[in-house]
Amino acid sequence: ALPWINMAILNRYFLKPNWGAALPGLDSTPLRKVSMGGHMSAGAICILLGPFQFISKLRNSYPRFHRWSGRIYCVCAMLSCVFGMIFICLKK
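Given the structure is predicted, the values throughout are model-derived calculations rather than measurements. (Residues numbered from 1 in each chain as written. Predicted model: local features only at pLDDT ≥ 70, side-chain atom pairs only at ≥ 80, totals over all residues. Heavy atoms only, no water.)

Trainee: Give a description of the overall build of the chain that names residues and reports values.
Mentor: A count of helices and strands for the chain gives five helices and zero strands. Listing every helix and strand of the chain by position from the N terminus yields α-α-α-α-α. The contacts of the chain with a sequence gap of at least 6 include a subset with a gap of at least 24, amounting to 55%. About 6,600 Å² of surface is accessible on the chain, with carbon and sulfur atoms providing 73% of the total. (Helix = DSSP H or I, 4+ residues; strand = E, 2+ residues; numbered from the N terminus. Contact = heavy atoms within 4.5 Å. Areas by Shrake-Rupley, 256 points an atom, 1.4 Å probe, with all protein chains shown as cover.)

Here it is in structure tokens:
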């Protein structure tokens, strides 16, 4: 169910971006729009990569993939946090 929920979110906010209706006041500054887009993009990557870290067969058979996806996961988690904090700090 998680991939379907993720695709619904991506469809709602990226393929048909009408953020003003869902998030009032988002369009007040370009930095708020960029920060929310970065937050959601990095978060979506985390949601997609996270479950792969717990598959032991994949982890044992492809350790290089496991390490690189873990690094990408950590970087995206930090970026999502930073973008989210920027968005919150710019809130009126």
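The discussion continues.
Trainee: Help me get a handle on the packing of helix H3 (residues 30-49) against helix H5 (residues 63-89), residues and values and all.
Mentor: H5 packs onto H3 with a crossing angle of 150° between their chain directions and a minimal axis gap of 8 Å. One element, H3, and the other, H5, form an angle in the roughly antiparallel class. Relative to H5, the crossing made by H3 is left-handed. Only Ser69, Ile72, Tyr73, Cys76, Ala77, Leu79, Ser80, Phe83, Gly84, Ile86 and Phe87 of H5 make contact with H3, whose side of the interface consists of Leu31, Arg32, Ser35, Met36, Gly38, His39, Ala42, Gly43, Ile45, Cys46 and Leu49. (Axes fitted to C-alpha atoms, helices over the stretch in contact; angles between N-to-C directions. Parallel < 35°, antiparallel > 145°, perpendicular 65-115°, else oblique. Left-handed = near helix turned anticlockwise from the far one by under 90°.)

Trainee: Any chance you could break down H5 for me, citing the residues and the numbers?
Mentor: Between its first and last C-alpha, H5 extends 39 Å over 27 residues, near the 39 Å set by a 1.5 Å rise per residue. Within the sequence span of H5, burial applies to Ser69, Gly70, Cys76, Ser80, Gly84 and Phe87. Along its buried surface, H5 packs onto H3. (Expected span 1.5 Å × (residues − 1). Buried < 20%, exposed > 50% of the residue type's maximum accessible area, 1.4 Å probe, protein only.)

Trainee: Go over the environment of glycine 84, please, and point to the residues and values.
Mentor: In this fold, glycine 84 is placed in helix H5. Residue classification places glycine 84 among the buried residues on the basis of a relative accessible area of 12%. Each C-alpha atom of the pair glycine 84 and glycine 43 lies 9.9 Å from the other, and the pair is 41 residues apart in sequence.

Trainee: Give me H3: which residues, what numbers.
Mentor: Between the first and last C-alpha of H3 there are 29 Å, a value that for 20 residues agrees with the 28 Å anticipated at 1.5 Å per step. Among all positions of H3, only Arg32, Ser35, Met36, Gly37, Gly38, Met40, Ala42, Gly43, Ala44, Cys46 and Leu49 are buried.

Trainee: Describe the packing of aromatic side chains, listing the residues and the values that go with them.
Mentor: Within the structure shown, the criterion is met by one aromatic pair. A ring pair is formed by phenylalanine 52 and phenylalanine 65, whose centres lie 6.4 Å apart and whose planes are at 85°; its orientation type is edge-to-face. Of the two residues, phenylalanine 52 is situated in the loop between H3 and helix H4 (56-61) and phenylalanine 65 in helix H5; the sequence distance between them amounts to 13 residues. You can call phenylalanine 52 partly exposed: its relative accessible area is 37%. (Phe/Tyr/Trp six-rings, centres within 6.5 Å; stacked < 30°, edge-to-face > 60°.)

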